Amino acid sequence: MNTALVASPIKNRNAVLVWLVWPLITLGIYFLVWYYKIHKEMAELRRDPDAPVAGPLLVMIFLSWTGIAALISFWRTGTRIKESQEAAGLEGTCNPVLGFLLNFVFGLGILYYQLELNKIADRFTQ
């Protein structure tokens, strides 16, 4: 029986850098990179070929001007994070409602979502 842990496709990132530093330095471009990467990582973790990877990014790029599309995409991201936590054998602690609401307070939803994703990465490194 092999007791070695399998590496998680979810990367452990510094949540403050993801939320504040890199977006400021890159004038917001890093948010789009991060958004694509987390969706790709969650799809790989769940081994779901139908999981959206580029779609959420495209919504943010082309439909964010509508406001509603970006908010729905961000809400669904929270749901996907919760499903990914459960797929990793963790309790699904990510609350899409909380992430959605925190997004209106200094963009803290990004910080919250990254902290929740880090729980998955930590699960595989323990």
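Preceding block: the structure.
Residues numbered from 1 in each chain as written. Predicted model: local features only at pLDDT ≥ 70, side-chain atom pairs only at ≥ 80, totals over all residues. Heavy atoms only, no water.

## With respect to helix H6 (residues 108-125)
Put simply, the test is: Every helix listed is a DSSP run of H or I at least four residues long, and every strand listed is a run of E at least two residues long, numbered separately from the N terminus. For a helix, the expected span equals 1.5 Å multiplied by the number of residues minus one. Relative accessibility under 20% of the residue-type maximum defines a buried residue, over 50% an exposed one, and the middle range a partly exposed one, all with a 1.4 Å probe and only protein chains included. Any two residues whose heavy atoms approach within 4.5 Å at even a single point are treated as in contact.
The end-to-end C-alpha distance of H6, which contains 18 residues, comes to 26 Å, matching closely the 26 Å that a straight helix rising 1.5 Å per residue would cover. Every buried residue of H6 is listed here: Gly 109, Ile 110, Leu 111, Tyr 112, Tyr 113, Gln 114, Glu 116, Leu 117, Asn 118, Ile 120, Ala 121 and Phe 124. Residues of H6 that are buried sit in contact with helix H1 (15-25), helix H2 (29-46), helix H4 (68-87) and helix H5 (96-102).

## Observations concerning the packing of aromatic side chains
To be explicit about the condition: Note on aromatic contacts: the rings of Phe and Tyr and the six-membered ring of Trp form a pair at centre separations within 6.5 Å, being stacked when their planes are under 30 degrees apart, edge-to-face when over 60 apart, and tilted otherwise.
For the coordinates displayed, the defined rule picks out seven aromatic pairs. Relative to Tyr 113, the ring of Tyr 112 has its centre 5.9 Å away and its plane inclined at 40°; by these criteria the two rings are tilted. Neither Tyr 112 nor Tyr 113 differs from the other in exposure class; each is buried. Chaining the aromatic ring pairs together yields one cluster made of Phe 31, Trp 34 and Tyr 35.

## Describing the packing of H1 against H6
Just so we agree on the cut-off: Only the stretch in contact is used when fitting a helix axis, every axis being a line fitted to C-alpha atoms; angles between N-to-C directions are given from 0 to 180 degrees. Angles below 35 degrees are treated as roughly parallel, those above 145 as roughly antiparallel, those between 65 and 115 as roughly perpendicular, and all remaining angles as oblique. For a crossing to be left-handed, the near helix must be turned anticlockwise from the far one by less than a right angle; the clockwise case is right-handed.
Where H1 meets H6, the closest approach of the two axes is 8 Å, and the angle between their N-to-C directions is 155°. Overall, the two elements H1 and H6 adopt an arrangement that is roughly antiparallel. Here the hand of the crossing between H1 and H6 comes out right-handed. Along its contact with H1, which presents Ala 15, Val 16, Val 18 and Trp 19, the element H6 presents Leu 108, Ile 110, Leu 111, Gln 114, Leu 115 and Asn 118.

## Thoughts on H2
The periodicity of an α-helix, 3.6 residues per turn, causes residues three or four places apart in sequence to face the same way. Taking 1.5 Å as the rise per residue, H2 with 18 residues should run 26 Å; its terminal C-alpha atoms sit 27 Å apart, in good agreement. What H2 keeps buried is the set Tyr 30, Phe 31, Trp 34, Tyr 35, Ile 38, His 39, Glu 41, Met 42, Ala 43 and Leu 45. Of the surrounding secondary structure, the elements contacted by the buried residues of H2 are H1, helix H3 (54-62), H4 and H6. Just downstream of H2 lies Arg 47, where phi reads positive at about 50°.

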